[in-house]
Structures are given as C-alpha cells and as structure tokens.
Amino acid sequence: MSAPLPAPWPGRDATRITSVRAVVTAPEGIPLVVVRVDTSEAGLYGWGCATFTQRWSAVVEVVEQHLAPLVVGRHPADITDIVRMCRLSAYWRDGAVSNNALSGIDMALWDIAGRRAGLPVHELIGGRVRGAVDTYLHAHGRTVDEAVDHAEQLVAQGLRHVRLQVSQPGLGAYGAPVLDASDPRAPYPGGWDVHEYLRIVPGLFERARDRLGDRVRLLHDVHSRLTPGQAVVLARRLEPFDPFFLEDVLPPELWDRLPEVRARTAVPLAVGELAVSVADAARLVTGGGIDFLRCHLSAVGGFGAAWRLAALAELHGVATAWHGPGDTSPVGVAAHIALDVASPAFGIQEGHVYDDAALEVFPGTIVATDGWMRPNETPGWGVDVDERAAARHPPSPSVHDRWAAANRAPDGGMNAP
C-alpha cells in the first residue's frame, strides 16, 4: 500500500485508521460482505455492512484496492468527509458496487464512533423516539392455502404484519417455491406469465382476509415487474383487502411514472430497494409517488446516507421500510434498528430470522421477540464478527444470477428479476 494521504486538518488526538479489509461469509448460503476498519488504538475497530450478494467479489476489490489506501491514516471521527472523499474520488460515482464499498466503511466508522463514546449508535443521532421496532416476515407457499397456512403460523408467533407470496407456473416466480409446471407449447416452456400473476395475487389476498381477519396487515412484493397500467390493475384489484403496502410495483427505469400509479389507487406504495444513489432515493421521496421509502442501506452508501434520507422522508410525510431480508448482514440489521428507533419517519421494518450458523458468525445479532426488535444497548452496533466461524462458511457465486437469467416470459423475452 502507498503512503497515507495527508489529512486535510489535524485530528484532535493521535487515533488513526490503520487498516481496512473485507470479510465475506455465507452461513445461510447467501454471500454477506462486512468491512472491518481498525485503528491505532488497541482494541478499537468497527464493522460495516457492504452486502451486494450478487457481486460480492467486486465490492471486496473496491474496498481493499481502491478505498483502503484513501482511508488509512485518517482520523476515524471524520465520517462524512471520509465517505464524501471516497465517493467523489471515483469520478464516475454511485452504483451498487461503489456504494456498498462506501457503506462498509461508513458503517464501520459509525461503529467506531459509538465504541469511542461508549454509546449505542442510536444515541449518537438523537436517541430514541420509540421503544421498539415493529417488523414483518414473509409467508409463502406453493398454493394459496399453503401460503395462508404459513401466514397463520407467523401471526401465532406474534407478527402483526405479514408479506404474502404464492407460487405460480414459471421459473421466474418470486418469493415462493418454483412450481414444476410449464407449457410445452410455448416457445419458452418455463415462462412466467404476468397475466396469470395478476389473476392469482388477488385470490391470495381474498383468502388471507377470510382466514386471518381484518387486524393482520398484509403486504406483497411485486419485484419491479409491472408496467404502470398493470400496476394500477393489481392495486385496484387488491383495494378491497386493505393492503399495508405494495412493494416495488415498477422497475427503476419507470419510477418517474410512480405519481401516476399512486394517483389512481388507494393502496400505499413502497419503493426504493433498487435505488443505487442517495439522489435517486431522494427523488422518490420528493416526487410524490411513494408512501414508504424502502432502500437497501448499503446500496445507497450506508448509515449516514440513510439517516439523511430518513430526515427528508419525515419532512415529506413518507415513512421508511428499510430492505432487510437474508441478504442483509446482522451488522446491517443493527444499522436499520438504530435508524428505526431514532427516526420519526419509521413505518415498518422487514425482518429475517437468522439460523444458528449465522448467529455464531455474528454474535450480538438482534433477534425479534413477538415481532418486535430492539437495538443493542452496547457501544456501537453491538454486533461483532467471529472470523474463525465466518471462514467455515466460504461464499460461492450468487445463485440469483442463474435464476434471473431464466426469468423469461412464455415467448422467451426477459422479465425483470
């Protein structure tokens, strides 16, 4: 590594960043990327989430080959300046790979800030505005009744919000098991049919309301597959069943049409998982087309970026619903919960139940009780990484790539994944 860059101003003490490196592990089969930042102060280090599970090796390269030389030698308190410097240094900035690399450093520096102060991160940004964070989990099944059976199990565990997904014929079915069904007469026998999807989902919600009643709040993820007209059709068909929100009804290429969709339905819209810049996420908030902002924190640059977006959302009457399934590390989850308990804009938090292997790799992982999540009260994130345990779960190329490549319509044309 080349000599450290000169600092733009003197640090108030002698603490300096001494190394930056990435750790990749897959205890549940999903590659998770975390970044460790070490300092010259004995025992003072931090962890950040940089998980772009589909392109994890590219994130590691950016962290270790391009950003680490810029960061080593800096005082760890200068979080905003360090992140801006790293972002602007690329010239062509933003994008999922760059922002995940930035996020790993950003979150690790916030972790260090909390550890230096002896405070959990949520107390560094103003403290709590709520005692706990309400969450939702995913219910799915091969049939409508199987999906609702799963939803009933989650409600029995204390969940008040449940996302519903059901299988349909086609290799591209999302959020539920792939059915071994195809149309041998079609040019692409394993094709996913959007019209079949628009027929099946309202039946799923109707059955769920019949069996679960009115008090359970129901959600659904479209996964960015519809046109504006199709999005309106689906939303209107679901209106009688009072969804809590519909997620990602349009692909990001069509986000400018979201106000049009929102104006034609009473169903709340949650969008932002595919945002790969703070500017794009901010335009979602200010554009009048969404009710919930749903970013993957590391894809927009980390905790600091998300805290600014949460403040913007609060001013525009938009709620937050950060992206948090199994391709977010427990370090990232700790960042979610810190934001959620400190931000008046909080709406709901997507949850994930980590298995025993993941809990071993990430001691301090926040676990929900009766659907409620609470932040760690230890300094920083309160989550560490057992690197020996992490090494027992090496990553492989993401299976998402092959699935996405097979997600085609019956005529063979590509669908959005």
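Residues numbered from 1 in each chain as written. Predicted model: local features only at pLDDT ≥ 70, side-chain atom pairs only at ≥ 80, totals over all residues. Heavy atoms only, no water.

Visitor: Talk me through the overall build of the protein chain; I want residue IDs and the actual numbers.
Guide: Of regular secondary structure, the protein chain possesses 14 helices and 12 strands. Taking 417 residues into account, the globule formula puts the C-alpha radius of gyration at 22 Å, and the protein chain, at 22 Å, falls close to it. In terms of its C-alpha atoms, the protein chain occupies a principal-axis envelope of roughly 65 × 45 × 40 Å. In the protein chain, which comprises 417 residues, the proportion classed as buried is 54%. Sequence-distant contacts in the protein chain: of pairs separated by 6 or more residues, those separated by 24 or more amount to 71%. Carbon and sulfur atoms provide 53% of the accessible area of the protein chain, an area that totals close to 17100 Å². In the protein chain, 37 positive and 49 negative side-chain charges are present, and the distance between their average locations comes to 3 Å. (Helix = DSSP H or I, 4+ residues; strand = E, 2+ residues; numbered from the N terminus. Rg over C-alpha atoms; globule rule 2.2 N^0.38 Å. Buried < 20%, exposed > 50% of the residue type's maximum accessible area, 1.4 Å probe, protein only. Contact = heavy atoms within 4.5 Å. Areas by Shrake-Rupley, 256 points an atom, 1.4 Å probe, with all protein chains shown as cover. Lys, Arg positive; Asp, Glu negative; His and termini not counted. Charge placed at Lys NZ, Arg CZ, Asp CG, Glu CD.)

Visitor: Quick rundown of the sheet that holds strand β1 (residues 17-25)? Include the residues and the values.
Guide: Sheet strands line up and pair through hydrogen bonds in the backbone, either parallel or antiparallel. What the 3 strands build is an open sheet, ordered β1-β2-β3; its pairing is antiparallel. Looking at the sheet topology across the chains shown, the edges are occupied by β1 and β3 (45-49). Across the sheet, the mean angle from the axis of one strand to that of its neighbour is 20°, orientation sign disregarded. For β1 and strand β2 (residues 32-39), the ladder comprises 8 bridges, and the chain directions are antiparallel. Each residue of the ladder has a partner; that of Thr 25, found in β2, is Leu 32. Running over the sheet, helix α1 (residues 56-71) touches β1 and β2 and is turned about 175° from β1. Relative to β3, helix α3 (residues 96-117) is tilted by about 140°, and along the sheet it contacts β1, β2 and β3. (Pairing = 2+ DSSP bridges. Axes fitted to C-alpha atoms, helices over the stretch in contact; angles between N-to-C directions.)

Visitor: Outline the side chain of His 122, listing residues and values.
Guide: Structurally, His 122 is set in helix α4 (residues 121-124). Among all residues touching His 122, those that are not within four sequence positions of it are Gly 127, Arg 128, Ala 338, Val 341, Ala 342, Pro 375, Asn 376 and Glu 377.

Visitor: An account of the packing of aromatic side chains is requested, with residue identities and associated values reported.
Guide: Summed over the entire model, instances satisfying the criterion amount to 8 aromatic pairs. Here the aromatic rings of Tyr 91 and Trp 92 are separated by 4.8 Å at their centres, their planes lie at 75°, and the arrangement is edge-to-face. For the ring pair Phe 245 and Phe 292, a centre distance of 5.1 Å and an interplane angle of 55° mean the geometry is tilted. Remark: Phe 292 occurs in strand β9 (residues 292-293) and Phe 245 occurs in strand β7 (residues 245-247); sequence separation between them is 47 residues. (Phe/Tyr/Trp six-rings, centres within 6.5 Å; stacked < 30°, edge-to-face > 60°.)

Visitor: I'd like to hear about the environment of Ile 17, residue by residue, with values.
Guide: Mapping Ile 17 onto the fold places it in strand β1. Separated by 23 residues in sequence, Ile 17 and Ser 40 have C-alpha atoms that sit 6.3 Å apart. For Ile 17, the residues in contact, after removing those within four places along its chain, are Val 37, Asp 38, Thr 39, Val 71, Val 72, Gly 73, Arg 74, Pro 76, Ile 82 and Leu 109.

Visitor: A description of the environment of His 150 should follow, citing residues and the corresponding values.
Guide: When you line up the elements, His 150 lands in helix α5 (residues 144-156). Note: C-alpha distance between His 150 and His 140 (10 residues apart in sequence) is 6.4 Å. A polar contact of 3.1 Å, which involves the side chain of His 150, links it to the backbone nitrogen of His 140. (Polar contact = N/O pair within 3.5 Å; in protein donor to acceptor, adjacent residues only side chain to side chain.)

Visitor: Describe the pairing of strand β5 (residues 161-166), with residues and values.
Guide: With 6 of 6 residues buried, β5 lies mostly within the body of the structure. Here β5 shows no split at all, with His 161, Arg 163 and Gln 165 on one side and Val 162, Leu 164 and Val 166 on the other all buried. Of the strand pairs in this sheet, strand β4 (residues 133-141) and β5 are connected by 6 bridges, and their pairing is parallel. Note that in β5 the partner of Ala 139 across the bridge is Leu 164. For the handedness criterion, the β-α-β arrangement of β4, α5 and β5 is classed as right-handed. Each parallel crossover has a hand, and the one from β5 via helix α6 (residues 194-212) to strand β6 (residues 217-221) is right-handed. (Right-handed = clockwise from strand over helix to strand, strands pointing away.)

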